[in-house]
2 protein chains.
Amino acid sequence: MTDPKPTDRADAAKPVRTITDLARIAGVSAGTVSRALSGNSLVNTKTREKIEAIAREHGFRPNQMASRLRRQKTGVIGVAIPLGHDVQQQISDTFFMTLLGFLADELTAKGYDLMLRRVVPSNDEDWLDRFIGSGMIDGVVVIGQSDQFERIEEVADGYLPMVVWGNHQEGQRHCVVGTDNRLGGKLAAERLIAAGATSLAFLGDTDPIEFAARFGGAKEVADKRNVPIRALPTHLSPGQVSSEIAAHLEVIQHEADGVFAATDTIAATCLQEMRTKGIVVPNHVKLVGFDDLPIASQTMPPLTTIKQDIAAGAKGLVDLLLRRMAGEDTESLVLPPHLVARQTA
Amino acid sequence: MTDPKPTDRADAAKPVRTITDLARIAGVSAGTVSRALSGNSLVNTKTREKIEAIAREHGFRPNQMASRLRRQKTGVIGVAIPLGHDVQQQISDTFFMTLLGFLADELTAKGYDLMLRRVVPSNDEDWLDRFIGSGMIDGVVVIGQSDQFERIEEVADGYLPMVVWGNHQEGQRHCVVGTDNRLGGKLAAERLIAAGATSLAFLGDTDPIEFAARFGGAKEVADKRNVPIRALPTHLSPGQVSSEIAAHLEVIQHEADGVFAATDTIAATCLQEMRTKGIVVPNHVKLVGFDDLPIASQTMPPLTTIKQDIAAGAKGLVDLLLRRMAGEDTESLVLPPHLVARQTA
DNA sequence: CTGAAAGCGCTAACAA
DNA sequence: TTGTTAGCGCTTTCAG
């Protein structure tokens with residue numbers, strides 16, 4: 001059998017695809033190669049070096065798929081982003097992306113890979129079971145409960161290594177890490193009222209439970225202070241938001257002098273729309289956002305907002321997940337939000 | 001054999017973990033179950049329905065690890081983000097995150113999963129070979145060449161299914177999709193000069209080749225017009241940038257009336273710093289950014305910038321990658337940048 | 001249309 | 001210290 005193609009590239013002709021090929025070349029058994037390459041077990045130093053040399057020379061890497069199948073663990077963490085209440089919302093949403101970034105940093109530091117899956121639950125009943133049951137991941141973090149609270153609860157009953165970013169409800173069964181949204185809402189309303197607002201509006205969708213809690217908190221203090229408050233719905237996708245806000249501006253102008261935006265993104269857009277309408281912030285209307293994304297400090301005037309500590313959140317998610325993967329049934333982690341006072345309220 | 005633990009949960013006691021378990025219950029062979037579940041082959045409708053029913057009842061999912069090992073394809077695309085020139089830069093960089101978001105949308109639409117890996121090449125010589133050789137992915141997209149141009153070239157010689165987001169060099173061997181950075185730089189400089197600038201500064205690191213090309217383009221038109229231009233280095237990590245820019249402001253104030261920021265993020269920060277120093281944009285200094293991130297339209301005044309079409313880029317990456325996975329040796333794709341004229345120049 | 005059997009590439013006892 | 005063996009859970013010929 002002649003090899004008809006000349007080795008026109010330095011590293012062509014590499015028939016070393018498996019541990020067995022390598023074993024043959026090295027004159028040892030596959031088992032020995034496996035041990036040598038995994039560094040673990042007792043292998044004669046000379047043998048190991050020889051094997052490593054050959055591996056390097058041929059650019060050989062053990063097939064992870066096979067290894068992981070055999071060892072029944074994958075070394076990858078699934079990250080699911082359910083896009084439930086607003087299919088238009090892209091995964092590119094800034095808040096989620098930032099959290100994802102920190103998550104990737106954190107997971108990488110712990111030696112795990114990250115498998116990202118964007119899901120649209122309305123098209124796909126059992127997205128979560130599918131992900132978990134795929135055998136591709138050792139654990140899962142769900143970013144955002146969206147409108148899938150119930151489904152997540154169900155799954156949590158039978159699957160330990162799952163942690164969810166989102167809102168904490170009294171008595172819920174799944175492990176969540178997230179900001180105390182209700183408290184955040186309170187802080188926002190208090191700030192608005194302290195700044196002189198006498199009638200409030202909440203700008204954003206109140207369906208997602210995180211947002212509902214923010215509104216709920218704000219409403220609680222508004223009610224207590226006898227300040228009226230109303231919810232003005234918007235979507236999350238950048239396209240629609242501008243015009244929706246513009247449509248709300250009329251009522252804001254006449255009936256509200258304090259606006260609590262569900263997110264900084266909404267707040268920033270709102271600020272823009274107000275400027276085009278000649279509404280002066282904070283003189284005519286006070287405004288507070290939520291998240292403290294980078295943009296909050298770069299609007300003009302800079303946005304007063306409720307800060308979520310995203311880095312701490314990511315760290316918490318990973319920490320709890322690893323403990324759950326080790327069998328511990330961890331409690332949820334609720335992080336305190338903080339008022340960041342800038343110039344819009 | 002009695003089952004000692006009462007089924008206190010609806011879905012407890014599920015010993016159906018493998019296709020073989022299921023086969024036993026259904027009274028057929030493993031092969032048949034496999035065929036039934038994959039939907040592909042010819043299976044008696046009744047048999048299939050029975051198998052599907054049992055699978056549903058027990059919440060059974062075929063193990064993807066095993067399936068993929070056997071079929072020698074994984075259905076996952078690796079996405080590597082090399083953090084070379086600036087280790088401090090987090091994966092959370094807005095531009096990359098946005099691109100990643102679109103990529104996830106695009107890949108999901110084509111039925112692929114996405115495995116994200118953040119790499120620090122300086123700690124890890126052969127990050128790319130490791131990723132590719134892992135057997136975990138069918139193809140790879142590298143987001144950003146960072147300072148790894150040569151390494152990517154080497155790998156490209158022996159591995160077809162790879163596409164890179166970045167800058168295109170004459171005669172390069174790896175398939176890249178990206179914006180024509182040089183042209184973008186030209187557009188920026190032309191705009192600045194047309195707006196009346198007589199001395200230019202480029203604000204940003206010129207090491208990464210994308211940025212070098214932006215600077216190169218700007219320099220080309222500046223030289224042609226006899227306008228001086230200088231590079232003022234900054235890093236990319238949010239922490240450092242503010243103070244670095246502040247430090248540069250002195251020279252900008254005295255020696256430049258047109259600044260071309262390497263990215264919108266830098267431009268936005270610059271805008272802020274200038275305001276604190278009382279420098280009025282665009283009256284005292286003209287400013288143009290690069291990327292057209294959402295923030296560009298939300299600064300005050302809104303940023304004139306060079307737009308990269310990120311969505312088209314993501315689509316291009318996926319399209320080319322899939323063709324390469326099918327064996328085609330595709331050309332690179334260079335997208336045209338566009339000037340978005342707002343109010344800073 | 002279905003069963004039997006042979007692996008995908010690797011790891012982990014168990015012997016030697 | 002190393003080789004041998006038996007699979008991980010699934011897919012896919014090849015017979016029947």
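Below you will find a few notes about this structure. Everything numeric here is computed off the predicted structure, so don't read it as measured data.

## What to know about the protein's contact with DNA strand C
Alright, step 1. Residues in close proximity to DNA strand C total 24 residues, the closest being I19, S34 and R70 of chain A together with T32 and T47 of chain B.
Alright, step 2. Between a phosphate oxygen of DNA strand C and a side-chain N or O atom of S34 of chain A, the distance comes to 2.7 Å.
Alright, step 3. In the environment of DNA strand C, a phosphate oxygen lies 2.8 Å from a nitrogen or oxygen atom belonging to the backbone of N63 of chain A.
Alright, step 4. When contributions to the surface near DNA strand C are tallied by element, the ones reaching two or more residues are α2 (30-38) and α4 (64-71) of chain A together with α2 (30-38) and α4 (64-71) of chain B.
Alright, step 5. By residue number, the principal contributor to the surface near DNA strand C is α4 of chain A, which donates 4 residues.
Alright, step 6. Of the residues belonging to the surface near DNA strand C, the class tally is 8 nonpolar, 11 polar and 5 charged.

## What to know about the relation of the copies chain B and chain A
What connects the two chain copies is a rotation about an axis and a shift along it.
Alright, step 1. Overlaying chain B with chain A gives an RMSD of 0.1 Å, the required rotation being 180° about an axis along which the chain moves by 0.0 Å. Put plainly, the chains are arranged around a two-fold axis. Rotation axis and chain B: the residue whose C-alpha lies nearest the axis is M115 of chain B, separated from it by 2.2 Å.
Alright, step 2. The share of interface residues of chain B whose copies in chain A are also at the interface is 100%, consistent with both copies meeting through the same surface.

## Section: the interface of chain B and chain A
Alright, step 1. Counting residues at the interface gives 45 residues for chain B and 45 residues for chain A.
Alright, step 2. Interface area lost by chain B to chain A is led by R61, M65 and Q298 of chain B, which between them contribute 18%.
Alright, step 3. Summed over the shared surface of chain B and chain A, the result is 6 salt bridges.
Alright, step 4. Between R117 of chain A and D113 of chain B there is a salt bridge whose closest N-O contact spans 2.7 Å.

## Here's the deal with the pattern of salt bridges
Alright, step 1. If you walk through the whole model with that rule in mind, you get 33 salt bridges over all chains.
Alright, step 2. The residue R130 of chain B makes a salt bridge to D124 of chain B at a minimum N-O spacing of 3.3 Å.
Alright, step 3. Ionic contacts of the salt-bridge type, sharing partners, join the residues E153, D157 and R173 of chain A into one network.

## A word on the sheet that holds strand β6 (residues 200-203) of chain B
All names here are of chain B.
Alright, step 1. Strand order across the open sheet formed by 6 strands is β7-β6-β8-β9-β10-β12, with mixed pairing between neighbours. Both outer strands of the open sheet, β7 (229-232) and β12 (338-340), are each paired with one neighbouring strand and no more. Going from strand to strand, the sheet's axes swing by 20° on average, the running direction of each strand aside.
Alright, step 2. One ladder, built from 4 bridges, connects strand β9 (residues 286-291) with strand β10 (residues 304-307); its direction is parallel.

## Thoughts on the protein's contact with DNA strand D
Alright, step 1. Neighbouring DNA strand D are 23 residues, the closest being T32, N44 and T47 of chain A together with I19 and R70 of chain B.
Alright, step 2. Close to the protein, within 4 Å, the atoms of DNA strand D are drawn from sugar and phosphate at a rate of 66%.
Alright, step 3. N63 of chain B is positioned such that a nitrogen or oxygen atom in its backbone is 2.8 Å from a phosphate oxygen of DNA strand D.
Alright, step 4. Interatomic distance of 2.2 Å between a side-chain N/O atom of R70 of chain B and a base oxygen of DNA strand D.
Alright, step 5. The element that contributes the greatest number of residues to the surface near DNA strand D is α4 of chain B, accounting for 4 residues.
Alright, step 6. For the surface near DNA strand D, the residue count by class is 8 nonpolar, 10 polar and 5 charged.

About the thresholds
- Residues numbered from 1 in each chain as written.
- Chains lettered and ligands numbered in written order.
- Predicted model: local features only at pLDDT ≥ 70, side-chain atom pairs only at ≥ 80, totals over all residues.
- Heavy atoms only, no water.
- Near = heavy atom within 4 Å.
- Polar contact = N/O pair within 3.5 Å; in protein donor to acceptor, adjacent residues only side chain to side chain.
- Helix = DSSP H or I, 4+ residues; strand = E, 2+ residues; numbered from the N terminus.
- Nonpolar A, V, L, I, M, F, W, Y, C, P; charged D, E, K, R; others polar.
- Least-squares fit on C-alpha atoms with pLDDT ≥ 70 in both.
- Contact = heavy atoms within 4.5 Å.
- Buried area = accessible area lost by both parts, 1.4 Å probe.
- Salt bridge = Lys/Arg side-chain N within 4 Å of Asp/Glu carboxyl O.
- Pairing = 2+ DSSP bridges.
- Axes fitted to C-alpha atoms, helices over the stretch in contact; angles between N-to-C directions.

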